[in-house]
Amino acid sequence: MSRVAYFDCFSGASGDMILGALIDAGLALDDLRSELGKLALTGYTIAAERVMPGGLGGTQVRVALTEPQRHGRHLAEIERIIESSTLSDAVKLRALSVFRRLGAVEARIHGTSIDEVHFHEVGAVDAIVDIVGAAVGLEKLGIQALYASSLPLGHGAVNSMHGILPLPAPATLALIAEAGAPTRPVDVEAELVTPTGAAILTTTAKFEQPAMRIDAIGVGYGQKVLPWPNVTRVWLGESTAGTLESGEVTVIETNLDDSTPEQIGYAIERLFAAGALDVFTTPVYMKKNRPGVLLTVLAQPARADELAHLILRETSSLGVRFRTSQRLMCTRRSEMVDTSYGPLEVKIKSIDGADVVCPEYEACARVARERNVPLARVYEAVATAGARYALADALDGRAADRTDP
């Protein structure tokens, strides 16, 4: 069984609330400080206090600044701070993914490139501590899969480096929309979900409640005083789900006989960028014996209309067909494994109680380009590492069989 965590965002989510919940669930503050000390980042202290307003106990984290802060940082500088540290590769990868997702959203909002984005609040020391700290906490607690509840959204306005902005903050709302995360309205003039909290959860979590056996609960308090406990809770435990997951997918199809290969290729590129699960073409013969292409898109039901509109805009299609299909999937997760080329991200598929290590193309292709070796050789290195991983997993299982009553 895999170790999972579920963030119950009762009163929203912010970086300090997520950190507080992880510490309350068992993350040692000294371990967190030690790991954060690996960053070339100064001018702050981090403290955690046990609080119990309204009878619900939890942990409140405070990141206090001890020296004047810079106006902001570009993404490249934040990447250098993280990549030059001695943090584990898994922590670096998770933290960088959060910042890069946020950078892409900020670039779209401000009409610039991701390299030109100047982080203000989220580029500050406390936000870097929150994001890297969350990645550290998930690793230290052994979390293999992360889940989250719907996100409560208040209303009103918030002060920022760009002036007064509506709530939810533009970056928060864009992150939620891009991830298709479920929300629920709350009638309160307050920022319940911050850009940092939204970036962490939309990058690392699936928005559903998992089947799990709970063995620890953490409660993280925010700084605001609200009419209810201002908390995010995290449930930790073992997954009790089977190795197969079922669900629905929307299939979108259209026949094309007058779109150029360039148009079709571009449309496929745009469909993937817009969140399609898969896109493929099939040669077909159409009316008047014209050779054509059947364009098929697999989509989450919530994104079907958006993707259909994109097909109609980017191709010569006059209409598309929809149907709903059931699908059965192996559970999967991403992990880092040691290979002869160093740590590499891989996909791990679970089936019939066994884990199967599968190469992650982008990670392997990057190494092949950097080392100037054939891609097949990097795949072979992953296969060798996968065999070691499977052997270690089998030995762990035998040891558990001998010790379990």
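Quick note: structure is the one above.
Read on for a plain summary of the structure. Computed from a predicted model, the values in this text were never measured in an experiment.

### Concerning the pattern of salt bridges
Then, in step 1: Scanning all chains against the criterion turns up 20 salt bridges.
Then, in step 2: For the salt bridge of R290 with D257, the shortest nitrogen-to-oxygen distance reads 3.1 Å. Placement of R290 in the loop between strand 14 (278–285) and strand 15 (291–299) and of D257 in the loop between strand 13 (244–256) and helix 8 (261–273) is noted, with a sequence separation of 33 residues between them.
Then, in step 3: Taking relative accessible area as the criterion, R290 reaches 34% and is therefore assigned partly exposed.

### Here's the deal with the packing of helix 4 (residues 89–110) against helix 5 (residues 125–140)
Then, in step 1: The interhelical angle for the contact between helix 4 and helix 5, taken along N-to-C directions, is 135°, at an axis separation of 9 Å. Compared by their axis directions, helix 4 and helix 5 come out oblique. The way helix 4 lies across helix 5 gives a crossing that is right-handed. Here A90, V91, R94, A95, V98 and F99 of helix 4 come into contact with helix 5, specifically with A127, I128, I131, V132, A135, V136, L138 and E139.
Then, in step 2: Considering only residue class, the contact of helix 4 with helix 5 consists of twelve nonpolar, no polar and two charged.

### Remarks on empty space enclosed by the protein
Then, in step 1: Overall, the coordinates contain two cavities of 30 Å³ or more when judged by the stated rule.
Then, in step 2: Its volume calculated, the largest cavity comes out at about 40 Å³.
Then, in step 3: Lining of the largest cavity is provided by L153, G154, L167, P168, T172, A190, E191, L192 and V193.
Then, in step 4: Looking at the lining of the largest cavity residue by residue, the class counts come to six nonpolar, two polar and one charged.
Then, in step 5: If you add up the space inside the second largest cavity, you get close to 30 Å³.

### What about the sheet that holds strand 3 (residues 58–65)?
Then, in step 1: Pairing is mixed in the open sheet, where six strands are placed in the order 2-3-11-12-1-6. Bordering the open sheet on either side are strand 2 (44–51) and strand 6 (145–148), each of which pairs with just one other strand. The mean angle between the axes of side-by-side strands here comes to 25°, regardless of whether they run parallel or antiparallel.
Then, in step 2: Looking at chain direction, strand 1 (residues 3–8) and strand 6 are connected through four bridges and run parallel.

### Some words on the pairing of strand 12 (residues 231–239)
Side chains on a regular strand alternate between the two faces of the sheet.
Then, in step 1: Strand 12 sits mainly inside the fold: seven of its nine residues count as buried.
Then, in step 2: The sheet contact formed by strand 1 and strand 12 spans six bridges and is antiparallel. Across the sheet, residue F7 finds its bridge partner in strand 12, namely V234.
Then, in step 3: Looking at chain direction, strand 11 (residues 212–221) and strand 12 are connected through nine bridges and run antiparallel. From the neighbouring strand, I217 faces strand 12, where its bridge partner is W235.

### Some thoughts on a nonpolar patch on the surface
Then, in step 1: A cluster of nonpolar residues, Y361, L375 and Y379, forms a patch on the protein surface that exposes about 260 Å² of accessible area.
Then, in step 2: Counting through the fold element by element, L375 comes out in helix 11 (residues 375–403).

### A look at helix 9 (residues 304–314)
Then, in step 1: If you check which residues of helix 9 are buried, you get A304, L307, A308, L310, I311 and E314. Viewed end-on, helix 9 has its buried residues packed into an arc of 155°, placing them on one side of the element. Pointing more than 90 degrees away from the buried face of helix 9 are the exposed residues D305 and H309.

Thresholds, definitions, all that
Residues numbered from 1 in each chain as written. Predicted model: local features only at pLDDT ≥ 70, side-chain atom pairs only at ≥ 80, totals over all residues. Heavy atoms only, no water. Salt bridge = Lys/Arg side-chain N within 4 Å of Asp/Glu carboxyl O. Helix = DSSP H or I, 4+ residues; strand = E, 2+ residues; numbered from the N terminus. Buried < 20%, exposed > 50% of the residue type's maximum accessible area, 1.4 Å probe, protein only. Axes fitted to C-alpha atoms, helices over the stretch in contact; angles between N-to-C directions. Parallel < 35°, antiparallel > 145°, perpendicular 65-115°, else oblique. Left-handed = near helix turned anticlockwise from the far one by under 90°. Contact = heavy atoms within 4.5 Å. Nonpolar A, V, L, I, M, F, W, Y, C, P; charged D, E, K, R; others polar. 1 Å grid on protein atoms, 1.4 Å probe; cavity = no way out; pocket = protein on both sides within 12 Å on 5 of 7 lines; lining within 4 Å. Points joined across faces, edges and corners; volume = space filled by probe spheres on them. Pairing = 2+ DSSP bridges. Patch = residues over 30% accessible without salt bridge, like charges linked within 9 Å, V, L, I, M, F, W, Y side chains within 5 Å. Areas by Shrake-Rupley, 256 points an atom, 1.4 Å probe, with all protein chains shown as cover. Arc of directions from axis to C-beta.

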